[in-house]
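Structural overview for review
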Amino acid sequence: MDKRKEANLRVRRQITDTLFALMQKKSLSEITVSEIVKGAGVARASFYRNYCSKEDVLVMLIRDVLDDFRSKLSPGQESFYTYENILLSFRYFHAYRTYLLDLYHSGFLSVVLEELNQFHESIEGTMPSSSIEKYQLYMYIGALCNTAMEWLLERDSATPEEMAQFFFRAIPSIPPPSGIR
């Protein structure tokens, strides 16, 4: 990676970490961009070169994590209903637990869920808006996100492997019987 990209990644990480540190003390609406850039030790122009708003910092973090997740999916295994991808999901939830819990406690879990919905739709492809497959996908995403957040709130009472096994057994991905739509 070239030095400019590395420097920009460092700036983005500093901004993100500073925003989350400030969110420990006060709500997002009370935090100013000036506080973020001062705490991050970066220029205001660096903030606006990377983000449109404070909320955009949160969205971009989630998208970056999801892009990394996509790169780790097994080739030909882009169906989210496989055990391997469920395990990978719980490993990512565990790895990013601090950010996720901060988002949860700040009332921004809906942002995570919306980004998860869009991400899964981009992988699964175009579906009719009222198709059973789309509803099945949303059910899966909601169940996965809720289960993972409750697990993280309990301070990791189980391993990612145990959670993946539980989830895979609890949410079978079987097609509906013929005649049922």
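For the structure given in this document, a descriptive report is provided here. As the structure is a prediction and not an experimental result, all values here were calculated from the model.

Some points on the side chain of Thr 16
Within the secondary structure layout, Thr 16 lies in helix 1 (residues 3–23). Thr 16 sits in the buried class, given a relative accessible area of 7%. Setting aside its immediate chain neighbours within four residues, Thr 16 contacts Tyr 51, Val 57, Leu 61 and Tyr 99.

Overview of the packing of helix 8 (residues 132–153) against helix 9 (residues 160–170)
At their nearest, the axes of helix 8 and helix 9 sit 12 Å apart, and the two run at 145 degrees to each other. Helix-helix and strand crossings are classified by hand; for helix 8 and helix 9 the assignment is right-handed. Residues Tyr 140, Ala 143, Leu 144, Thr 147 and Trp 151 of helix 8 form the contact with helix 9, whose participating residues are Pro 160, Met 163, Phe 166 and Phe 167. Residues of the contact of helix 8 with helix 9, tallied by class, amount to 8 nonpolar, 1 polar and no charged.

Here's the deal with helix 9
Of all the residues in helix 9, the buried ones are Pro 160, Met 163, Ala 164 and Phe 167. Mapping the buried residues of helix 9 onto a view down its axis gives an arc of 100 degrees, with all of them on the same face. Against the buried residues of helix 9 lie helix 5 (83–95) and helix 8.

Quick notes on a nonpolar patch on the surface
On the surface, a cluster of nonpolar side chains totalling about 280 Å² of accessible area is made up of Ile 132, Tyr 135 and Tyr 138. On the accessibility criterion, Tyr 135 (47% relative accessible area) is partly exposed.

What to know about the side chain of His 120
Turning to its location among the elements, His 120 is positioned in helix 7 (residues 109–124). His 120 gets classed as buried once you look at its relative accessible area, which sits at 4%. Only 2.7 Å separates the side chain of His 120 from the backbone oxygen of Leu 116, close enough to count as a polar contact.

Here is what the cut-offs are and how they apply
Residues numbered from 1 in each chain as written. Predicted model: local features only at pLDDT ≥ 70, side-chain atom pairs only at ≥ 80, totals over all residues. Heavy atoms only, no water. Helix = DSSP H or I, 4+ residues; strand = E, 2+ residues; numbered from the N terminus. Buried < 20%, exposed > 50% of the residue type's maximum accessible area, 1.4 Å probe, protein only. Contact = heavy atoms within 4.5 Å. Axes fitted to C-alpha atoms, helices over the stretch in contact; angles between N-to-C directions. Left-handed = near helix turned anticlockwise from the far one by under 90°. Nonpolar A, V, L, I, M, F, W, Y, C, P; charged D, E, K, R; others polar. Arc of directions from axis to C-beta. Patch = residues over 30% accessible without salt bridge, like charges linked within 9 Å, V, L, I, M, F, W, Y side chains within 5 Å. Areas by Shrake-Rupley, 256 points an atom, 1.4 Å probe, with all protein chains shown as cover. Salt bridge = Lys/Arg side-chain N within 4 Å of Asp/Glu carboxyl O. Polar contact = N/O pair within 3.5 Å; in protein donor to acceptor, adjacent residues only side chain to side chain.

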